Structures are given as C-alpha cells and as structure tokens.
Amino acid sequence: MKKLLSLLVLLVAMTSCEEDVKFNTPAVQALKDNELWKATEYKAMIVGSSLTIEATNGFETVVLRTVSSTPGQSFQLGINNSNKATYSLVADALVEEYQTGTDLGNGLIEISADPTETNIAEGYISGNFRFNAVSSSDETVNFQRGFFYKVPIQAVP
C-alpha cells in the first residue's frame, strides 16, 4: 500500500509540473539609471565595416555605433564621434537626447568573439555595452551591464 501511495504522489507531482520557459533571443537590455531597460524592437546594420545597433521600447531609443563590426573588438566611448552611443526619449511634446562624443560622456562597446553569439555571415551579432551620455543641459543618463544578444543584421540597400 505504501508503494502505491508513494507512486501516486510521485505521479501527481510529475504531471503537475509545468515548464513555462521563455527565451529572450534576440534581446537588447541594460540597467538605465539602475532600473531595467529592455528593448522591444532592435536591429543591426553594417555599412562598409561600421556597425550601428538601434534598439527601442517605443518611446526610448538607444543607438550604438562603432567603426568596425569585427568580433572580439572593444570600442571606447567619449573619445571621438566615430564610436558613439546615444539615448533619446520622446514622450508627448518632450524630446530629450543624450550622447557620447569627443570629450563627452564615456563608456565601452564590446563585440562578442564567441561564434555561437556573433556570426556576421549568418546575420546576427552580440556583445556588451555601458555608457554615460550627456544632454545639452548637462544632465547624464547611465547605462550599465548592457548587452545585445543575437540582434539580426539587416541588409542595407
């Protein structure tokens, strides 16, 4: 009787378990001023060797630009305008723009060298980013622990 009861309990436990796993592939997200920021739309474009990643959640947009799309490379922000991060917020009639550039803000964009995460030929790219971008009124927005994962690369006409 004990064996039957144990088997019944085990059977009920196994059938009541449900796997509700959601994969977040592709994805772009970060901590913006210490709160989760997550994009709902994203794309990458490569023109020549330059990379541009655009990510938005409808009213906030992050754009990451680098001079190269070569896997394994890192790009310092705040040194020049070639490697740059911008953040813009559009809500009602309010438009706020923040950016890095020559002697403006700081940060880093890294492209993953892992071939399972970045494969230009197959059409996706991954990496990490962090930046402090500055507005025209000298306010700063902070993005940390950001990543872009298997963002699809769109063909540029």
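What you see is a predicted model; the values in this text were computed from it and never measured.

Draft legend 1. Region of interest: the packing of aromatic side chains. For the structure shown, the criterion picks out six aromatic pairs. With a centroid separation of 5.7 Å and 45 degrees between ring planes, the pair formed by Tyr87 and Tyr98 is classed as tilted. Separated by eleven residues along the polypeptide, Tyr87 in strand E7 (residues 84-91) and Tyr98 in strand E8 (residues 94-99) bring together distant segments of the chain. Using a relative accessible area of 3% as the deciding quantity, one classes Tyr87 as buried. Judged by centre distance (5.4 Å) and plane angle (55 degrees), the rings of Tyr87 and Phe143 are tilted. Here Tyr87, found in strand E7, pairs with Phe143, found in strand E11 (residues 140-154); they are 56 residues apart in sequence, far enough to count as distant. Here the aromatic cluster, defined as three or more aromatic residues joined through ring pairs, consists of Trp37, Tyr87, Tyr98, Phe129, Phe131, Phe143 and Phe148. Lying over the aromatic face of Tyr124, Lys150 brings its terminal NZ or CZ to 5.3 Å of the ring centre.

Draft legend 2. Region of interest: the pairing of strand E2 (residues 35-38). By the bridge criterion, four bridges tie strand E1 (residues 27-32) to E2 in an arrangement that is antiparallel. Looking at E2, one finds that Leu31 is bridged to Leu36. The hairpin turn running from E1 into E2, its antiparallel successor, is two residues long, and Asp33 in that turn takes a positive phi close to 50 degrees.

Draft legend 3. Up close: unusual backbone geometry. Phi at Asp33 takes a positive value of approximately 50 degrees, unusual for a residue other than glycine. Looking at where Asp33 falls in the secondary structure, it is placed in the loop between E1 and E2. The backbone phi angle of Arg145 is positive, close to 50 degrees, even though this residue is not glycine. The class of Arg145 is exposed, set by a relative accessible area of 66%.

Draft legend 4. Summary view of the pairing of strand E5 (residues 60-66). A large share of E5 lies buried, amounting to five of its seven residues. Taken together, the six bridges between strand E4 (residues 50-56) and E5 define a ladder with antiparallel strand orientation. Its bridge partner lying in E5, Ile53 is registered against Leu64. Connecting the antiparallel pair E4 and E5 is a turn made up of three residues, with Gly58 showing a positive phi of about 110 degrees. Across six bridges, E5 lies against E7 in antiparallel orientation.

Draft legend 5. Geometry of the pattern of salt bridges. Taken as a whole and assessed by the stated rule, the structure comprises two salt bridges. With its nearest N and O atoms 3.0 Å apart, the salt bridge here joins Lys32 to Glu60. Residue Lys32 is found in strand E1, and its partner Glu60 is found in strand E5; the two are separated by 28 residues along the sequence. Residue Lys43 is joined to Glu54 by a salt bridge in which the shortest nitrogen-to-oxygen separation is 4.0 Å. Placement of Lys43 in strand E3 (residues 41-47) and of Glu54 in strand E4 is noted, with a sequence separation of eleven residues between them. Residue class for Glu54 comes out partly exposed when judged on its relative accessible area of 27%.

Reading guide: rules and limits
- Residues numbered from 1 in each chain as written.
- Predicted model: local features only at pLDDT ≥ 70, side-chain atom pairs only at ≥ 80, totals over all residues.
- Heavy atoms only, no water.
- Phe/Tyr/Trp six-rings, centres within 6.5 Å; stacked < 30°, edge-to-face > 60°.
- Helix = DSSP H or I, 4+ residues; strand = E, 2+ residues; numbered from the N terminus.
- Buried < 20%, exposed > 50% of the residue type's maximum accessible area, 1.4 Å probe, protein only.
- Lys NZ or Arg CZ within 6 Å of the ring centre and 35° of its normal.
- Pairing = 2+ DSSP bridges.
- Salt bridge = Lys/Arg side-chain N within 4 Å of Asp/Glu carboxyl O.

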